[in-house]
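Per-entry structural report
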Amino acid sequence: MMIKKLLFKNQDRKQLLLAAIGALLGMTFLITSAHFLYRINEFGEGSDVLGSNILVVQRKVTSASSFNLSKNDFIQEEIDEIANLPFVDKVQAVKSNNFRVWLETNSDMVPPFKTDAFIQSINKEFVDVHAKEWEWNQKSKVLPIIMPRDFVVMLNTFMSSAGIPQITDEVATSIPFKLRISGPKGEEWLDARIIGFTNEISALLVPMEFLDYANKKYAENQAGKTTQLIIKGKEGQFGSLEDYMSKKGLEPKKAQLIVGRLKSIISTMIVIVFIVSIIAVISSSIVLLQYMQLLLSQNSYEVKTLLRIGYSPLFISRIFAQYFSVVFALSLLAAFALFFLVKWWINDILQVGGIYLDQNFSFIAVIILPVSFITFIGFGTITARKNVMKLFNK
Amino acid sequence: MNITFDCVLPDPLADYSHHPQSLWNNTHSIEQGENILVNAASGKGKTTFTHILAGLRHDYSGKIRFNSTDISQFTIPEWLSVRQKKLSFVFQDLQLLPSLTCEENVLLNTNLKGGVTVDQLIEWSAHLGIDKKWKEKVGVMSMGQQQRLAILRALSQPFEFVILDEPFSHLDEKNSQLAFELIEKRCTELSAGYIFTTLDPTDKIPFNKEIKL
């Protein structure tokens, strides 16, 4: 107590307060930007069974194509050309049904619901679900299907009008469905189960084996035109793919582009804020450490006297390091409290814009606190020790 | 603890001529419990001598040994041990902490090293005539009072030698006598010795050995 009174009582607290406020603001920006960078990157992932960097494209629909005056399908040479582009990882024609399909609920949990449907199929490597789930053969009891997310919206609208509580993705996957397929050669009923959702395709997705089987068995003409391609772009080369599509008159689903662009713009902005925050935190920490040096030099007589009467330099440097660690810890706690408010405010703004991010504290926001604290303690201890040692035996 | 000096010569005094029996550039030893008087005129190196023994100056040639260990090889823990248990100092510039009270200045020492009760400290302060200043800040005390407090602080810790650098320079004869009584009593109690520097050849300090500079 006496030593703390001796070393810290007569100081210019204004400078200490300014340095602490600097650390508080820097840390608030750092935690906030790291948290939102993580959450924005996470946005949309996991909820869609089609992996990232995947676009489903078709030719631009024009008045000419509507009257069959220009072509709207793809030939194999065009598919091969796209496959060989340096920024394209994989490409595949999206296959469609050439027979009639109906989907209906088959459960007492939900009221009867029936709709005409349109099914398409893509290869396993484009689907981000467990490979075993995405399998079908003629002995399979249940047909796995991937639903367009719009279907859940439609189902919930229907539930709402029937006075039934709306359903979540999890509940939707537990509802048994029946799929009826029919063609000139007959009809068949199959049990179906939803295994995932996608925003990218507006048709029901089924395994390729099933579509091949059903087209062969029930289709009126088997050789359908390829009007849609699914393309997996290489990581970070979204811009090149977008340029190519624009030149070739291809268009992806609008939502995909908007989300891709938004994520890209917001992430870039947050990365800039993140870098500025790191600079701010480093600067304010340096100011705090420099203030420690100033305090040590202002108290050099007192420190020298303590050393001369036998106090250990480690003991004295620890007192300085502890004092500034407490100041930094208080700034950190205040920054976390401020981050809590800022997070709530930003989430509110994003929700108004229709972007629903995970509301929980991200792992990175929580881990930044101890990492920053330990780093500061490390530098604080080194600075204090170095400066006190200079006064030993003087 | 024995202290031996082997051809020690501080660099700043290298070009000066010294007394034939001077400590500088000669071999001398101080035995455990001896009382030493270092009597020399200004500029002969009394404070340098004190500071070298305290480990505050290293600008000298030759060797000083505490028992058989060369002090130039001392590590930080060894110096801490010397300062806490072996040597106690009254520096010429006193090295008190003016923003603390008399009591706090002494307690900073005894809290670290122990050995003396608060009652004993108060009794000593009464003997030295500074008991009424016990709770006052050192910064407002006279030089004479500060000098007595520095002596009290030095005596409050365990030691084998107390090294006093012109400790009575601001004291009248009566207060010098009272202070010396306390130094002698405490040294006897601890079977310790004192090393006393003075520039006054008429100082009546009893000694076993006189060292010239």
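Above this text sits the structure in question.
Computed from a prediction, not measured in an experiment: that's the story for all the values here.

1. Some thoughts on the overall build of chain B
Within chain B, the secondary structure is distributed over six helices and nine strands. Burial statistics for chain B: of 213 residues in total, 41% are counted as buried. Partitioning the contacts of chain B with sequence separation of at least 6, the portion at a separation of at least 24 is 78%.

2. Some remarks on the environment of L97 of chain B
Mapped onto the fold, L97 of chain B is located in the loop between β6 (87-90) and α3 (102-113). You can call L97 of chain B buried: it has 21 C-beta atoms within 10 Å. Counting along the chain gives 11 residues from L97 of chain B to L108 of chain B, while the straight-line C-alpha distance between them is 10.0 Å. The residues contacting L97 of chain B, other than those within four sequence positions of it, are L6, E302 and T305 of chain A together with N105 and V138 of chain B.

3. Things to note about unusual backbone geometry
Residues and elements named next belong to chain B. At C7, a position not held by glycine, the phi torsion is positive, near 55°. Tracing the chain through its elements places C7 in strand β1 (residues 3-10). With 12 C-beta atoms counted inside 10 Å, the residue C7 sits in the exposed group. Even without being a glycine, L94 presents a positive backbone phi close to 65°. Of note, L94 is situated in the loop between β6 and α3.

4. Some thoughts on the packing of helix α11 (residues 313-352) of chain A against helix α12 (residues 363-391) of chain A
Residues and elements named next belong to chain A. In contact at an axis separation of 8 Å, α11 and α12 are set at 155° when each is read in the N-to-C sense. In terms of axis orientation, α11 runs roughly antiparallel to α12. You can see that α11 and α12 cross each other, and the crossing is right-handed. Touching P313, I316, S317, F320, A321, F324, S325, F328, A329, L332, F336 and F339 of α11 are A365, L369, S372, F373, F376, I377, G380, T381, A384, R385, V388 and M389, all from α12. Looking at the contact of α11 with α12 residue by residue, the class counts come to 18 nonpolar, five polar and one charged.

Calculation criteria
Residues numbered from 1 in each chain as written. Chains lettered and ligands numbered in written order. Predicted model: local features only at pLDDT ≥ 70, side-chain atom pairs only at ≥ 80, totals over all residues. Helix = DSSP H or I, 4+ residues; strand = E, 2+ residues; numbered from the N terminus. Buried ≥ 20, exposed ≤ 12 C-beta atoms within 10 Å, placed from the backbone. Contact = placed C-beta atoms within 7 Å. Axes fitted to C-alpha atoms, helices over the stretch in contact; angles between N-to-C directions. Parallel < 35°, antiparallel > 145°, perpendicular 65-115°, else oblique. Left-handed = near helix turned anticlockwise from the far one by under 90°. Nonpolar A, V, L, I, M, F, W, Y, C, P; charged D, E, K, R; others polar.

Functional significance is not addressed by these values, which are geometric in nature.
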